[in-house]
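Spelled out, the chains give:
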Amino acid sequence: MRGNRITTEAVAFHRPSGTVIFTDLLQQFPPGWFKGWRALVARLDLMLADEPSVPRKFRVAFSDKRAARAALRRILAWRASNVLMAHGTPVRRDGHAFLRRAFAWLVKW
């Protein structure tokens, strides 16, 4: 996914299993992972949400939303059942619906 001032995320798709693979763009840490002021920052950054999401720092860093939306269209065209990420709970069903929720802030359906 291009268009972000902080990161360019390489997103992969494993067709046989219907699994989309992210590294840092989607995150969800368990409660208690961060301590003290870091826990507050992580909560405000949406890194402790009920389901994995795009942290606020990445959301505001998308300076080229057109490029990001184009990449998201390609990702949503995949038949995603599962979503894996480096920092979060795997999504093991309804991956496409999850991705639409996770990136709803980027597009208006």
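Residues numbered from 1 in each chain as written. Predicted model: local features only at pLDDT ≥ 70, side-chain atom pairs only at ≥ 80, totals over all residues. Heavy atoms only, no water.

1. A word on the overall build of the chain
Across its full length, the chain carries four helices and three strands. For the chain, the succession of helices and strands along the chain, N to C, is β-β-α-α-α-β-α. Here the chain has a C-alpha radius of gyration of 14 Å; the compact-globule value for 109 residues is 13 Å, and the two agree. For the chain, the spread of C-alpha atoms along the principal axes amounts to about 40 × 30 × 25 Å. Counting across all 109 residues of the chain, residues that qualify as buried make up 39%. Counting contacts in the chain only where the partners sit at least 6 residues apart, residues at least 24 apart contribute 61% of the total. Only carbon and sulfur atoms are counted for the fraction: they give 54% of the accessible area of the chain, which is about 6,800 Å². In the chain, the 20 positive side-chain charges and the 7 negative ones have mean positions that sit 4 Å from each other. (Helix = DSSP H or I, 4+ residues; strand = E, 2+ residues; numbered from the N terminus. Rg over C-alpha atoms; globule rule 2.2 N^0.38 Å. Buried < 20%, exposed > 50% of the residue type's maximum accessible area, 1.4 Å probe, protein only. Contact = heavy atoms within 4.5 Å. Areas by Shrake-Rupley, 256 points an atom, 1.4 Å probe, with all protein chains shown as cover. Lys, Arg positive; Asp, Glu negative; His and termini not counted. Charge placed at Lys NZ, Arg CZ, Asp CG, Glu CD.)

2. Structural notes on the nonpolar core
Formed by 24 residues in total, the largest nonpolar core has its most connected members in M1, F22, L25, L26, V83, L99 and F103. Among the elements of the structure, β2 (19-27), α3 (65-77), β3 (82-87) and α4 (95-102) are those that each provide at least two residues to this core. Per-element accounting of this core gives the leading share, five residues, to α3. For L99, the residues in contact, after removing those within four places along its chain, are V20, F22, L26, I75, L76, A80 and V83. (Core = buried A, V, L, I, M, F, W, Y, C linked by side-chain atoms within 4.5 Å.)

3. Considerations on α4
Every buried residue belonging to α4 is among G95, F98, L99 and A102, and all of these are buried. One face of α4 carries all of its buried residues, which in axial projection span an arc of 100°. Buried-residue contacts for α4 involve β2, α2 (56-60), α3 and β3. (Arc of directions from axis to C-beta.)

4. Observations regarding the environment of F22
Checked against the element boundaries, F22 lands in strand β2. A C-alpha to C-alpha distance of 20 Å links F22 and W33, two positions 11 residues apart in sequence.

5. As for the pattern of salt bridges
Tallying each qualifying case throughout the model produces three salt bridges. In this structure, the salt-bridge partner of D45 is K57, at a minimum N-O distance of 2.6 Å. Here D45, found in the loop between α1 (37-44) and α2, pairs with K57, found in helix α2; they are 12 residues apart in sequence, far enough to count as distant. With a shortest N-O distance of 3.8 Å, D94 and R93 are connected by a salt bridge. As far as burial versus exposure is concerned, D94 and R93 are alike and both exposed. (Salt bridge = Lys/Arg side-chain N within 4 Å of Asp/Glu carboxyl O.)

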